[in-house]
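Survey of secondary and tertiary structure
These are the residues of each chain, in order.
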Amino acid sequence: MTKQTPNQKIANFRNTKKRQKENLKVLVENSNVSKLRSTSRIIKYGASSFRRNIWLSIAATLVMTITLIILLVTIGASMILSATADTMRQKIDITVFFQPGTPQSTLEQMASTMRLDNNVIQVTVADSLAEYESFLSENQNNTDLLTALADDDMRQMMLDTMQATMRIKVHNPDDLTSIRYIVENDDIFQAHLDEDKEPTYDINQAEIATINSWATIAKNGGLILGAVFLVISTLVIFNTIRMAIFSRREEVHMMKLVGADSEFIHGPFQVEAQICGVISGLLAATAAYIGFQFIAPSLSSYGIDVSLVASFMTTSRLVYVFLGTIAVGVLVGTISARLAIQKYLK
């Protein structure tokens, strides 16, 4: 045997390493091709199984679609009612009524005192004449009333009974303690308050409380109803996959005999459930979009704030609504399929 020189040994070692790397590269490429081929077959078999059990698949898809619609409606209703309550809070002003004929200078002095409160955003005052002119403007289409008020005696009588007002916008309408304290303890306020008409502290609070209660009911009721249909859809998909496993039991047995791995056997059933989820997500998001476009104008005409939901339904963010709904559908389908596989595919 010819003795190799050190350089030859090094060259042989490098050649061996090179061949090993090339062989490894070929193995990896073949493995990737094999995985890609296996994945495509899993998807193909899953789609075939979906068509094979078409009536069960349609039932599962419809039930999941209803579930997703309920969840979308719950989220949308909660957002709309919460936004409406916030909008009403922003529009609230507290009106304090003063005796007719209270001078404008006195009103401005009281307004300066009120503006010192940290909860106050804005204070506006109007004397009796300003309130009278505002009253005329609001009733400019009432010809009979305007004709009656054209009489000087009637006009003077209205001015003598028209209270001066102070309107206060606040940061937090739920806490008016400091506003009440000023009105009830300041000497100038007490000297000029109208005894026949109380300040409107609570006039809008009942409406806001009602809307908040509706938001709570919509949220809780929707979540309960959504949970019920979620369980139903899970059970329907569970039974759909169980029936698919039963109908293909001999095929599954043969795949196990020839050495197919568990991923290849389980995959088509998961794909079948995920197809249900994708179709359900598309249908639910589309129904929600069309329904919102139909009902939004009517809600807006009643003063209900739909702007927050509209920012998702009428902009590029609509894509996220569709993707999120589809993701939830796929998740539900995958979980249902896994439960069925673990129980029946052993």
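Owing to the predicted nature of the structure, the values given are computational and were not obtained by experimental measurement. (Residues numbered from 1 in each chain as written. Predicted model: local features only at pLDDT ≥ 70, side-chain atom pairs only at ≥ 80, totals over all residues. Heavy atoms only, no water.)

Here we come to the nonpolar core. Core analysis: the largest hydrophobic core is formed by 28 residues, its most contacted members being Ile237, Ile241, Phe269, Phe292 and Met313. Elements with a contribution of two residues or more to this core: helix H2 (54-91), helix H9 (205-247), helix H11 (262-301), helix H12 (307-313) and helix H13 (318-344). Other than its neighbours up to four places away in sequence, Phe292 contacts Val306, Val309, Ala310 and Met313. Of all hydrophobic cores here, the second largest spans 21 residues; its members include Phe98, Leu107, Ala111 and Val183. (Core = buried A, V, L, I, M, F, W, Y, C linked by side-chain atoms within 4.5 Å. Buried < 20%, exposed > 50% of the residue type's maximum accessible area, 1.4 Å probe, protein only. Helix = DSSP H or I, 4+ residues; strand = E, 2+ residues; numbered from the N terminus. Contact = heavy atoms within 4.5 Å.)

Turning our attention to the pattern of salt bridges. Tallying each qualifying case throughout the model produces one salt bridge. For Glu131, the salt bridge identified is with Arg167, shortest N-O distance 3.0 Å. Of this pair, Glu131 sits in helix H4 (residues 128-138) while Arg167 sits in strand E3 (residues 164-170), placing them 36 residues apart in sequence. Using a relative accessible area of 30% as the deciding quantity, one classes Arg167 as partly exposed. (Salt bridge = Lys/Arg side-chain N within 4 Å of Asp/Glu carboxyl O.)

Moving on, we get to H4. What H4 keeps buried is the set Ser128, Glu131 and Tyr132. Projected down its long axis, H4 shows its buried positions confined to an angular sector of 105°, all on one face. (Arc of directions from axis to C-beta.)

We now examine a nonpolar patch on the surface. Together, Ile54, Trp55, Ile58 and Leu62 line one region of the surface with nonpolar side chains, adding up to about 430 Å² of accessible area. Its place among the elements puts Ile58 in helix H2. (Patch = residues over 30% accessible without salt bridge, like charges linked within 9 Å, V, L, I, M, F, W, Y side chains within 5 Å. Areas by Shrake-Rupley, 256 points an atom, 1.4 Å probe, with all protein chains shown as cover.)

It is worth spelling out the pairing of E3 at this point. With five of seven residues buried, E3 lies mostly within the body of the structure. Note: strand E1 (residues 93-98) against E3, six bridges, orientation antiparallel. By the bridge assignment for E3, Phe97 is matched with Thr165. Across six bridges, the pairing between strand E2 (residues 120-126) and E3 is antiparallel. In the strand pairing of E3, Gln122 is matched with Lys169. (Pairing = 2+ DSSP bridges.)

Position of Ile42 among the secondary structure elements: in helix H1 (residues 6-52). Residue Ile42 is classed as buried on the basis of its relative accessible area of 9%.

Sheet strands pair via backbone hydrogen bonds, and the direction of the pair is either parallel or antiparallel. With antiparallel pairing, three strands are arranged side by side in an open sheet as E1-E3-E2. Since the sheet does not close on itself, it has two edges, and those belong to E1 and E2, each with one partner. Taking the axes of each pair of neighbouring strands and ignoring which way they run, one obtains an average angle of 15° across the sheet. Where helix H3 (residues 104-115) meets the sheet, it contacts E1, E2 and E3, and its direction lies at approximately 175° from that of E2. (Axes fitted to C-alpha atoms, helices over the stretch in contact; angles between N-to-C directions.)

Attention now goes to the side chain of Thr95. One can find Thr95 in strand E1. Its relative accessible area of 8% is what places Thr95 among the buried residues.

What follows is about the confidence of the model for the protein. Note: predicted coordinates in regions of low pLDDT should not be interpreted at a detailed level. Per-residue confidence for the protein averages 78 on the pLDDT scale, and 81% of its residues sit at or above 70. The weakest mean pLDDT in the protein belongs to H1 at 62; the strongest belongs to H3 at 91. Every residue in residues 26-33 is under pLDDT 50, and counting partners more than four places away or in other chains gives zero contacts. (pLDDT = per-residue confidence, 0-100.)

For any pair of aromatic rings, the description consists of the separation of the ring centres together with the inter-plane angle of the planes. Tallied over the full model, the rule gives one aromatic pair. Ring centres of Phe98 and Phe189 lie 5.8 Å apart, and the angle between their planes is 50°; on these two criteria the pair is classed as tilted. Of the two residues, Phe98 sits in strand E1 while Phe189 sits in helix H8 (residues 187-192), which places them 91 residues apart along the sequence. For the pair formed by Phe98 and Phe189, the shared burial category is buried. The ring of Phe312 has Arg317 lying over it, and the distance from NZ or CZ to the ring centre is 4.4 Å. (Phe/Tyr/Trp six-rings, centres within 6.5 Å; stacked < 30°, edge-to-face > 60°. Lys NZ or Arg CZ within 6 Å of the ring centre and 35° of its normal.)

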